[in-house]
Amino acid sequence: NIQLLTYLMAAKNLEIVGGRAPAGMMYYFLKYPVKTVESANWAAGEGDKALKFSGWTLDDTEVIKEIDGSENLDFLNIRLTTKGELYSTSKKNVQSAEIFALLTKFAEEMIRRTGKKILTGNIEVKPVKTPKIDACKYCVYGEICGFKSDKISNVEYLDDNKILEQIKEELK
């Protein structure tokens, strides 16, 4: 997701950050889902799960504990064993410092390329569709852009590891 990478890159470049390394990039849903009175237990159980951060945290258990700030890691989609190690199901939610550096470098390159395209007059509308995401489905600018949804580009959905491989190859 280029949005989180852009925020991460911008934060890294701020003087106020003082050269600190990124510790994570996450979304947090600010709107609490509406449920009926009959499902009051939802708020205490499933509700908390629905409101956990989604994204990646630095693969460092001390950093993870500092970010979350709670005894049981109530806010991150990460669980630690009694020995303080990551459960295998949590490993998809952490990345190394090297990966964070790679991703911010990629975001910079994508922003640079996009800026060059815009400056040369290329402002084409080019939404994509994957089995999980349809870029036009919720877009409120359909009337303005005039894009015909039958011309949408179908792209293959790739898992995080495949995407990271492609990014590494592209940045060589």
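Given the structure is predicted, the values throughout are model-derived calculations rather than measurements.

Rules behind the numbers
- Residues numbered from 1 in each chain as written.
- Predicted model: local features only at pLDDT ≥ 70, side-chain atom pairs only at ≥ 80, totals over all residues.
- Heavy atoms only, no water.
- Helix = DSSP H or I, 4+ residues; strand = E, 2+ residues; numbered from the N terminus.
- Buried < 20%, exposed > 50% of the residue type's maximum accessible area, 1.4 Å probe, protein only.
- Contact = heavy atoms within 4.5 Å.
- Areas by Shrake-Rupley, 256 points an atom, 1.4 Å probe, with all protein chains shown as cover.
- Polar contact = N/O pair within 3.5 Å; in protein donor to acceptor, adjacent residues only side chain to side chain.
- Axes fitted to C-alpha atoms, helices over the stretch in contact; angles between N-to-C directions.
- Parallel < 35°, antiparallel > 145°, perpendicular 65-115°, else oblique.
- Nonpolar A, V, L, I, M, F, W, Y, C, P; charged D, E, K, R; others polar.
- Pairing = 2+ DSSP bridges.
- Salt bridge = Lys/Arg side-chain N within 4 Å of Asp/Glu carboxyl O.
- Phe/Tyr/Trp six-rings, centres within 6.5 Å; stacked < 30°, edge-to-face > 60°.
- Lys NZ or Arg CZ within 6 Å of the ring centre and 35° of its normal.

Caption draft 1: Region of the structure containing the overall build of the protein chain. Scanning the protein chain for helices and strands turns up 7 helices and 5 strands. Along the protein chain, helices (α) and strands (β) appear in the sequence α-β-α-α-β-α-β-α-β-α-β-α when read from the amino end. Classification of the 172 residues of the protein chain by burial places 24% in the buried group. Taking contacts inside the protein chain between residues at least 6 apart in sequence as the whole, the part at least 24 apart equals 56%. Only carbon and sulfur atoms are counted for the fraction: they give 54% of the accessible area of the protein chain, which is about 13,100 Å².

Caption draft 2: Quick look at the side chain of Asp68. Relative to the elements of secondary structure, Asp68 occurs in helix 4 (residues 61-68). Judged by its relative accessible area of 7%, Asp68 falls in the buried class. One polar contact links the side chain of Asp68 to the main-chain amide nitrogen of Leu76, over a distance of 3.0 Å. Asp68 has contacts with Leu73, Asp74, Phe75 and Leu76, leaving out every residue within four places of it along the chain.

Caption draft 3: Structural view of the side chain of Ser90. Summarising the element assignment, Ser90 is placed in the loop between helix 4 and strand 3 (94-95). Judged by relative accessible area, which is 2%, Ser90 ranks as buried. A polar side-chain atom of Ser90 sits 2.7 Å from the main-chain amide nitrogen of Arg79. Setting aside chain neighbours within four positions, we find Ser90 in contact with Asn77, Ile78 and Arg79.

Caption draft 4: Region of interest: the packing of helix 1 (residues 2-13) against helix 5 (residues 97-119). Taken N-terminus to C-terminus, the directions of helix 1 and helix 5 make an angle of 100°; their axes are 9 Å apart at the nearest point. Overall, the two elements helix 1 and helix 5 adopt an arrangement that is roughly perpendicular. The residues of helix 5 that touch helix 1, namely those facing Ile2, Leu5, Thr6, Leu8, Met9 and Lys12, are Phe100, Leu103, Thr104, Ala107, Glu108, Met110 and Ile111. Grouping the amino acids of the contact of helix 1 with helix 5 by side-chain chemistry returns 9 nonpolar, 2 polar and 2 charged.

Caption draft 5: How the structure looks around the environment of Met9. Of note, Met9 is situated in helix 1. Linking Met9 and Thr104, residues 95 residues apart in sequence, is a C-alpha distance of 5.5 Å. Not counting residues within four places of it along the chain, the set of residues in contact with Met9 comprises Thr104, Ala107, Glu108 and Ile111.

Caption draft 6: Here's a closer look at the sheet that holds strand 3. Spatially, the 3 strands line up as an open sheet ordered 1-2-3, and their pairing is mixed. Edge positions in the open sheet fall to strand 1 (24-27) and strand 3, since each of these has one partner strand only. One ladder, built from 4 bridges, connects strand 1 with strand 2 (residues 54-58); its direction is antiparallel. Paired with Gly24 across the two strands is Thr57, which belongs to strand 2. Helix 5 rests against strand 1, strand 2 and strand 3 of the sheet, and its axis sits at about 120° to strand 2.

Caption draft 7: Region of interest: the pattern of salt bridges. According to the stated counting rule, one finds 6 salt bridges in the structure shown. Notably, a salt bridge pairs Arg113 with Glu109, separated by 3.2 Å at the nearest N-O pair. Of this pair, Arg113 and Glu109 both sit in helix 5, 4 residues apart, which is roughly one turn of that helix. A single network of salt bridges, built from pairs that share partners, joins Glu108, Glu109, Arg112, Arg113 and Glu170.

Caption draft 8: A look at the packing of aromatic side chains. With the rule as written, the count across this model stands at 0 aromatic pairs. Stacked on the ring of Tyr87, the Lys or Arg Arg79 has its end atom at 4.1 Å from the ring centre.

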